[in-house]
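# Secondary and tertiary structure notes
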Amino acid sequence: LVGGAVAVSLDHLTVGGLVAFVTLQLMLIWPVNSLGFIIANLQEATTAADRIYEILDTKPSIVDRPGAVVLRRESVTGTLRFEGVRFAYPDSSTEVLRGVDLQIYPGETLAIVGATGSGKTTLASLIPRLIDPTGGRITLDGRDIRDFTLDSLRSVVGFAFEEATLFSMSVRENLTLGHPDATEEQIRQAIEIAQADFVWDLPWGLSTRVGEQGLSLSGGQRQRLALARAVLGRPRVLVLDDPLSALDVHTESLVEEALARVLRGTTAILVVHRPSTVALADRVALLKDGVIAAVGTHSHLLATVPDYRDVLSAEHSGAENAERTSGSTASDPAAEQEGALA
């Protein structure tokens, strides 16, 4: 402007020319600034694309064996057996499981109890073949589960883990993953079992989008949706890895009461982190040092196995501290936990 004013005063530039120049300059400032942002975004997008393609190009380590057969749901009785199962994570020389031998009978509910880091979640992840054992085998009705196609195996094995996995889609789509042909009545029953009635109060009901990882929901709501998804297809084998950890004591008791009805006739494996969940089990297996140290009823193990009492006491203390930290308003949660422990 100063230079243009001097040029106008010396008759080297007209006022109209100065106005045109300043106007053109103002029009060019924003595109030039935006070019910097575009270059930065392009670099970020290139990095993100490299990561995406790295994932897409990675070949799955869990695949169908040559000659794998389709597992027919109607033919499954639910006898599950671990035979010398061993497992070590890649790039680790330490085995998490060191020869697990265990049998779960048709329609039985078995709780897996163990100290933190004992391999309970690893054991549960082997059943739907999220990972494969590095030694031994797992059989379903007498046949190695690796002899079945992944799709057919996972159609009869339902599972829910402590960290619920939800996607940026509607509640209905999240619930029916793996069971797109589920009826409205089946969806309603699954929601009722998981005490997920909050879905009816969402702005668009089952059509409400929950956001990536369900971040628009609380931890307890995410767990209840994941549990409803697991029981939706009434699987022949049900694997639950502490799916009630984020629930308050009152809601947990309602879910456990409903689950008790569902588990009749279903072979179920419960990974227990809270003593109250043991009440759902017909038998309990104590996992210690990578092997099954003891198997029996809750009362029998409580009376005869000191390690079992120690594990439950530790879990009880952890649950009690969690209740105090969260400031739960549930009535006397310590008494609830103490009653389950007894």
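Just so you know, these numbers come straight off a predicted model, no measurement behind them. (Residues numbered from 1 in each chain as written. Predicted model: local features only at pLDDT ≥ 70, side-chain atom pairs only at ≥ 80, totals over all residues. Heavy atoms only, no water.)

## Comments concerning the overall build of the protein
Note the following rule: Only DSSP runs of H or I with at least four residues qualify as helices, and only runs of E with at least two residues qualify as strands; both kinds are numbered from the N terminus onward. For the radius of gyration, the atom set is restricted to C-alpha positions; the globular benchmark scales as 2.2 Å times the number of residues to the power 0.38. Three exposure classes are used, based on accessible area relative to the maximum for each residue type with a 1.4 Å probe and protein chains only: buried under 20%, partly exposed in between, and exposed over 50%. Here a residue-residue contact requires only that any non-hydrogen atoms of the pair lie within 4.5 Å. Areas reported here follow the Shrake-Rupley algorithm with a probe of radius 1.4 Å; residue values treat only the protein chains shown as occluding. The charge count treats Lys and Arg as positive and Asp and Glu as negative. His and the chain ends do not count. Think of each charge as sitting on NZ of Lys, CZ of Arg, CG of Asp or CD of Glu.
Within the protein, the secondary structure is distributed over eleven helices and ten strands. The C-alpha radius of gyration of the protein comes to 29 Å, more than 25% above the 20 Å expected for a compact globule of 342 residues. If you line up the protein on its principal axes, its C-alpha atoms span 105 × 55 × 45 Å. Here the protein holds 342 residues, and 44% of them are scored as buried. When contacts within the protein are restricted to residue pairs at least 6 apart in sequence, long-range pairs at least 24 apart make up 69% of them. Split by element, the accessible area of the protein, about 18100 Å² in all, is 56% carbon and sulfur. Each charge class in the protein can be summarised by its mean position, and for the 29 positive and 43 negative side chains these summaries are 6 Å apart.

## Re the side chain of S152
Rules: For this analysis, a polar contact is any N or O atom pair within 3.5 Å, provided that within protein one partner can donate a hydrogen and the other can accept it, and provided that sequence-adjacent residues contribute only side-chain to side-chain pairs.
Counting through the fold element by element, S152 comes out in helix α4 (residues 150-156). A distance of 3.0 Å separates a polar side-chain atom of S152 from the backbone nitrogen of L71. In contact with S152, other than residues within four places in its own chain, are V69, V70 and L71.

## Section: the pairing of strand β3 (residues 109-114)
Put simply, the rule reads: One requirement defines pairing of two strands: DSSP has to find at least two bridges between them.
Buried residues dominate β3, accounting for six of its six residues. Residues T109, A111 and V113 point to one face of β3 and L110, I112 and G114 to the other, with burial holding for every one of them. Bridge count between β3 and strand β8 (residues 267-271): four bridges; the pairing is parallel. The residue bridging L110 from the neighbouring strand is I269, located in β8.

## Thoughts on the pattern of salt bridges
Side chains that differ in charge, positive against negative, can pair when their charged atoms come close. To keep it simple, the criterion reads: Salt bridges, as used here, are contacts in which a Lys or Arg side-chain nitrogen is within 4 Å of a carboxyl oxygen on Asp or Glu.
All chains considered together, the criterion is met by twelve salt bridges. The salt bridge partner of D147 is R143, with a shortest N-O separation of 3.7 Å. Judged by relative accessible area, which is 24%, D147 ranks as partly exposed. You can call R143 partly exposed: its relative accessible area is 38%.

## Side note on the packing of aromatic side chains
By convention here, two paired aromatic rings are described through the distance between centres and the angle between planes. Short version of the rule: Each pair of aromatic rings taken from Phe, Tyr and Trp, with Trp reduced to its six-membered ring, is defined by centres within 6.5 Å and is described as stacked if the planes are under 30 degrees apart, edge-to-face if over 60, and tilted in the remaining cases.
Going through the model one piece at a time under the given rule, you end up with two aromatic pairs. Ring centres of F87 and Y89 lie 4.7 Å apart, and the angle between their planes is 90°; on these two criteria the pair is classed as edge-to-face. Taking the relative accessible area as the measure of exposure, F87 reaches 5% and is therefore buried.

## Observations regarding the sheet that holds strand β6 (residues 157-161)
Condition: Only the contacting stretch of a helix is used when fitting its axis, a line to C-alpha atoms as for every element, and angles between N-to-C directions run 0 to 180 degrees.
Overall, mixed pairing links the six strands, which are arranged β6-β7-β8-β3-β9-β10 in an open sheet. Pairing within the sheet leaves two strands with one partner each, and these edge strands are β6 and β10 (291-296). Ignoring which end each strand starts from, the neighbouring axes of this sheet average 15° apart. Judged from the five bridges that link them, β6 and strand β7 (residues 237-241) form a sheet pairing that is parallel.

## Comments concerning the confidence of the model for the protein
Keep this limit in mind: In predicted models, pLDDT denotes the confidence assigned by the predictor to each residue on a 0 to 100 scale.
Of all residues in the protein, 92% attain a pLDDT of 70 or more, and the chain-wide mean is 85. Contacts for the low-pLDDT stretch residues 326-342, under 50 throughout, to residues beyond four places or in other chains number 24 contacts.

## Some remarks on the side chain of D132
Mapped onto the secondary structure, D132 falls in the loop between α3 (120-126) and β4 (135-140). Judged by relative accessible area, which is 18%, D132 ranks as buried. At 2.8 Å, the side chain of D132 forms a polar contact with the side chain of R129. Residues in contact with D132, not counting those within four places in the same chain, are I62, F87, L126 and R146.

## Details of the sheet that holds β4
The antiparallel open sheet is built from four strands, whose spatial order is β2-β1-β4-β5. What marks the edges here is a single partner per strand, and that holds for β2 (97-104) and β5 (143-144). Bridge count between strand β1 (residues 80-87) and β2: six bridges; the pairing is antiparallel. By the bridge assignment for β2, R81 is matched with Q103.

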